[in-house]
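Spelled out, the chains give:
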Amino acid sequence: MRAIWKGAVSFGLVSIGVKLYSATEEKDIRFHQVHREDGGRIRYKRTCSVCGEEVTYDDIAKGYDIGGGEMVILTDEDFADLPLTSSRAIDVLEFVPAEQVDPILYNKAYFLEPEGTATKPYVLLRDALIDSERVAIVKVALRQREQLATLRVREGVLLLNTMLWPDEIRNPDFGFLDEDLKVRPPELAMASSLIDSMTGEFEPDVFTDDYRAALQEVIDAKVEGREVVQPEEVEEAPAAAVDLMAALKASVDRARAARGEQPARGGGGEPTPISSARSAQKTAEKKATKAPAKKTAAKKTAEKKTSEPAKKTAAKKTPAKKAEPAKKTTARKTAPRKSA
């Protein structure tokens, strides 16, 4: 890691020299815009909208739009004169319980490393934060901006979390907040039961970014010249319209089944819309399975009935055929006796 900032933590009369490192990194796969025909990179020129000339970074200043087409231009000298008293210091303001800091305020995280001979006071502040179970509220100037931040301990290292200012948090203004919605106690109890059945210990390592992994596989396949195989998506059957209690009960049963536990309701309980729908589906499947068997049996019965008359007819015809030769033989034997 490369230090992005150097300064000191001001802790009462103690000054602790530290280096600042980014504690997080985004793993998004980044792309360049290229020409579809030949893969050439698309470049953007910095041009002035007034004179049309291309402008270098040295000639670029910051402008604040005051409306009506007017612009106030600020130079580097204007920013240099701003009163950033904590430009190279992390000034500890107070210590508060961690649960009092709303997570929505957190912005970015940075590791702090002791610099030079500041290791002992660094460890002293770290251990004091652990023993007090508090976080430090601090102010720090990063990238020409004063920011509010917290200082806490993570895996034996001081972690600086920059925060948004309170006026940067938007107020939720939604219509349903003014509606008088009533939640029935059984529904609340069932929802609590669902939460209990899905409660566990948070282990972030078990969660993965499946989209990023699939996208990386596509890129690797193109690099290696392999054919990309897209797995077929299984379409889920549309869910039947059920009431809230039935959906909650089914969710609880599914969560408990995933944990290897017995369902909450017994076999003799009242059927819910979900169980009724499943029973109807199973009955339909059984009927669909039995129907061809009945048809086949009917066909065999019809074949038997058809073959029986055929056999009887054949039996009648066979004696007639055998009787004819017998008559001819008798006639031949009688003729010689008359001539004698």
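Residues numbered from 1 in each chain as written. Predicted model: local features only at pLDDT ≥ 70, side-chain atom pairs only at ≥ 80, totals over all residues. Heavy atoms only, no water.

Caption draft 1: Up close: the side chain of Gln 147. If you trace the backbone, Gln 147 turns up in strand E8 (residues 145-154). Taking the relative accessible area as the measure of exposure, Gln 147 reaches 12% and is therefore buried. Apart from the residues lying within four places of it in its own chain, the contact partners of Gln 147 are Val 138, Lys 139, Val 140, Leu 142, Thr 162 and Trp 165. (Helix = DSSP H or I, 4+ residues; strand = E, 2+ residues; numbered from the N terminus. Buried < 20%, exposed > 50% of the residue type's maximum accessible area, 1.4 Å probe, protein only. Contact = heavy atoms within 4.5 Å.)

Caption draft 2: Geometry of the pattern of salt bridges. For the structure on display, the rule yields seven salt bridges. For Arg 126, the salt bridge goes to Asp 127, with nearest N and O atoms at 3.2 Å. A residue is classified by how much of its surface remains accessible, and Asp 127, at 33% relative accessible area, is partly exposed. We note a salt bridge from Arg 145 to Glu 168, for which the minimum N-O separation is 2.5 Å. One end of the pair, Arg 145, is in strand E8; the other, Glu 168, is in the loop between strand E9 (157-163) and helix H3 (185-197), with 23 residues separating them in the sequence. (Salt bridge = Lys/Arg side-chain N within 4 Å of Asp/Glu carboxyl O.)

Caption draft 3: Here's a closer look at the environment of Ala 109. Within the element layout of this structure, Ala 109 appears in strand E6 (residues 106-114). It is 8.7 Å that separates the C-alpha atoms of Ala 109 and Tyr 21, two residues lying 88 residues apart in sequence. When near neighbours in sequence (up to four residues on either side) are disregarded, Ala 109 contacts Tyr 21, Ser 22, Ala 23, Thr 24, Leu 159, Leu 160 and Asn 161.

Caption draft 4: Representation of the sheet that holds strand E1 (residues 5-11). What the seven strands build is a closed barrel, ordered E1-E2-E6-E9-E8-E7-E5; its pairing is mixed. The sheet shows a mean angle of 40° between the axes of neighbouring strands, direction not considered. The pairing of E6 with E9 spans five bridges and is antiparallel. Considered in E9, the bridge of Leu 112 is made with Leu 158. Contacting E1, strand E2 (14-22), strand E5 (89-97), E6, strand E7 (134-142), E8 and E9, helix H2 (residues 119-132) runs over the sheet at an angle of about 75° to E8. (Pairing = 2+ DSSP bridges. Axes fitted to C-alpha atoms, helices over the stretch in contact; angles between N-to-C directions.)

Caption draft 5: Up close: H3. An ideal rise of 1.5 Å per residue puts 18 Å on 13 residues; H3 measures up with 18 Å between its terminal C-alpha atoms. Burial in H3 covers these residues: Glu 187, Met 190, Ser 193, Leu 194 and Ser 197. The buried side chains of H3 occupy one side of the element, clustering within an arc of 120° when seen end-on. Exposed residues pointing more than 90 degrees away from the buried face of H3 are listed as Pro 185, Leu 188, Ile 195 and Asp 196. (Expected span 1.5 Å × (residues − 1). Arc of directions from axis to C-beta.)

Caption draft 6: Molecular detail of the nonpolar core. Core analysis: the largest hydrophobic core is formed by 21 residues, its most contacted members being Val 9, Val 18, Ile 90, Leu 112, Val 138, Leu 151 and Leu 160. For this core, the secondary-structure elements that each account for two or more residues are E1, E2, E5, E6, H2, E7, E8 and E9. Setting aside residues up to four positions removed in sequence, Ile 90 forms contacts with Trp 5, Ala 8, Val 9, Ser 10, Val 18, Leu 112, Val 138, Lys 139, Val 140 and Leu 160. In this structure, Leu 105, Val 135, Ile 137 and Leu 148 belong to the second largest nonpolar core, which totals seven residues. (Core = buried A, V, L, I, M, F, W, Y, C linked by side-chain atoms within 4.5 Å.)

Caption draft 7: Main features of a nonpolar patch on the surface. The grouping of Tyr 64, Ile 66, Val 72 and Leu 74 at the surface amounts to a nonpolar patch, some 370 Å² of accessible area in total. When contributions to the nonpolar patch are tallied by element, the ones reaching two or more residues are strand E3 (62-67) and strand E4 (70-74). According to the relative accessible area criterion, Leu 74 is partly exposed, its value standing at 33%. (Patch = residues over 30% accessible without salt bridge, like charges linked within 9 Å, V, L, I, M, F, W, Y side chains within 5 Å. Areas by Shrake-Rupley, 256 points an atom, 1.4 Å probe, with all protein chains shown as cover.)

Caption draft 8: Examining the confidence of the model for the chain more closely. On average, the chain scores 77 in pLDDT, and the residues at 70 or more come to 71%. When mean pLDDT is taken per element in the chain, E9 scores highest with 96 and helix H6 (residues 273-339) scores lowest with 48. Low pLDDT (under 50) marks residues 291-298, which in the prediction has zero contacts with non-local residues, meaning those over four places away or in another chain. Considering only residues more than four positions removed or in separate chains, one finds that residues 309-340, a stretch of pLDDT under 50, has zero contacts. (pLDDT = per-residue confidence, 0-100.)

Caption draft 9: A look at the packing of aromatic side chains. Under the defined criterion, the tally for this structure stands at three aromatic pairs. Seen from their ring centres, Phe 202 and Phe 207 are 6.0 Å apart, and the 25° between their planes marks the pair as stacked. (Phe/Tyr/Trp six-rings, centres within 6.5 Å; stacked < 30°, edge-to-face > 60°.)

Caption draft 10: Here's a closer look at the pairing of E3. E3 sits mainly on the outside: zero of its six residues count as buried. Where E3 meets E4, five bridges bridge the pair, whose relative direction is antiparallel. Bridge pairing in E4 places Gly 63 opposite Ile 73. The antiparallel hairpin formed by E3 and E4 contains two residues in its connecting segment, where Gly 68 sits at a positive phi of about 70°.

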